[in-house]
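# Structure at a glance
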Amino acid sequence: MEFTTALETKAGIVDGEGNVEWMAEDQICVFDNLGGDNLFSTAEGGKNAVFSGNVTENAKEFYAVYPYRSAAEIDATAKIVTSKLFPRQTAVLGSYAMLEGGAVMAAKTADNKLAFKNMTSHIRFTLADDMTDVKSITLMGNDDEILAGTYTIDFNGETPVLTVTKPETYVTLVASGDAIVPGDYFFTILPVEFEAGFTVILSKT
């Protein structure tokens, strides 16, 4: 089966202006009302994308979650998917990490069109040019706000609803090499208001 993304929902940042598009070889989980758990992928990126894969025979309703995570599970009777946004994320220059369950989006459909809803937020910041020895950057709320963790997505209503079941109160961006290269980066977190402010910790090499 093929699913087409609707409303130009997108996944990856492609330029310095913050414009985002699906990336080639992006992957999504497509669950169904019969308990199927299927990997779907797109060969080409762009503002819209077509995801291809297999579904359970005679399935009538489909629940899609981006990004794909092999450990994600569905309770088909309850229409609830369980997955995780990891607090430890890889620093990606000019974009946000997608391999750690970041940039979570969800969609429900009875046909082959997916209108994804964003379930996470992003905080953009710039690492200055003279900061060349930063190994990791940690964000924490000053009132133990929930920023990541294991969550469920309830697909019973018109729009998916995310609930955190095992919270984490920090997010850390780590260098993929010896140090994080100066430039623009993003923390991917669950939606929250920092009413008491927040703290950022930089760990150097």
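Anything mentioned here points back to the structure above.
Quantities reported herein were computed from a predicted structural model and do not represent experimental measurements.

Okay, a nonpolar patch on the surface next. Taken together, the side chains of Phe-198, Val-200 and Leu-202 define a hydrophobic patch exposed on the protein surface, amounting to about 260 Å² of accessible area. Its location among the elements puts Val-200 in strand β20 (residues 198-204).

Turning our eyes to something else, we now look at the side chain of Thr-42. Tracing the chain through its elements places Thr-42 in the loop between β5 (37-41) and β6 (50-52). A distance of 3.1 Å separates the side chain of Thr-42 from the backbone oxygen of Val-50, its partner in a polar contact. What Thr-42 contacts, discounting residues up to four positions off in sequence, is Met-23, Ala-24, Glu-25, Asp-26, Ala-49, Val-50 and Phe-51.

Time to look at the sheet that holds strand β8 (residues 73-75). One open sheet holds the four strands; their spatial order is β8-β9-β16-β17, and the pairing between them is antiparallel. For this open sheet the edge positions go to β8 and β17 (161-168), each flanked by a neighbour on one side alone. In this sheet, neighbouring strand axes are inclined to one another by 25° on average, regardless of whether the strands run parallel or antiparallel. The pairing of β8 with strand β9 (residues 80-85) spans three bridges and is classified as antiparallel. Following the sheet pairing, Asp-75 is matched in β9 by Ile-80.

Each value, and the rule that gives it
- Residues numbered from 1 in each chain as written.
- Predicted model: local features only at pLDDT ≥ 70, side-chain atom pairs only at ≥ 80, totals over all residues.
- Heavy atoms only, no water.
- Patch = residues over 30% accessible without salt bridge, like charges linked within 9 Å, V, L, I, M, F, W, Y side chains within 5 Å.
- Areas by Shrake-Rupley, 256 points an atom, 1.4 Å probe, with all protein chains shown as cover.
- Salt bridge = Lys/Arg side-chain N within 4 Å of Asp/Glu carboxyl O.
- Helix = DSSP H or I, 4+ residues; strand = E, 2+ residues; numbered from the N terminus.
- Polar contact = N/O pair within 3.5 Å; in protein donor to acceptor, adjacent residues only side chain to side chain.
- Contact = heavy atoms within 4.5 Å.
- Pairing = 2+ DSSP bridges.
- Axes fitted to C-alpha atoms, helices over the stretch in contact; angles between N-to-C directions.

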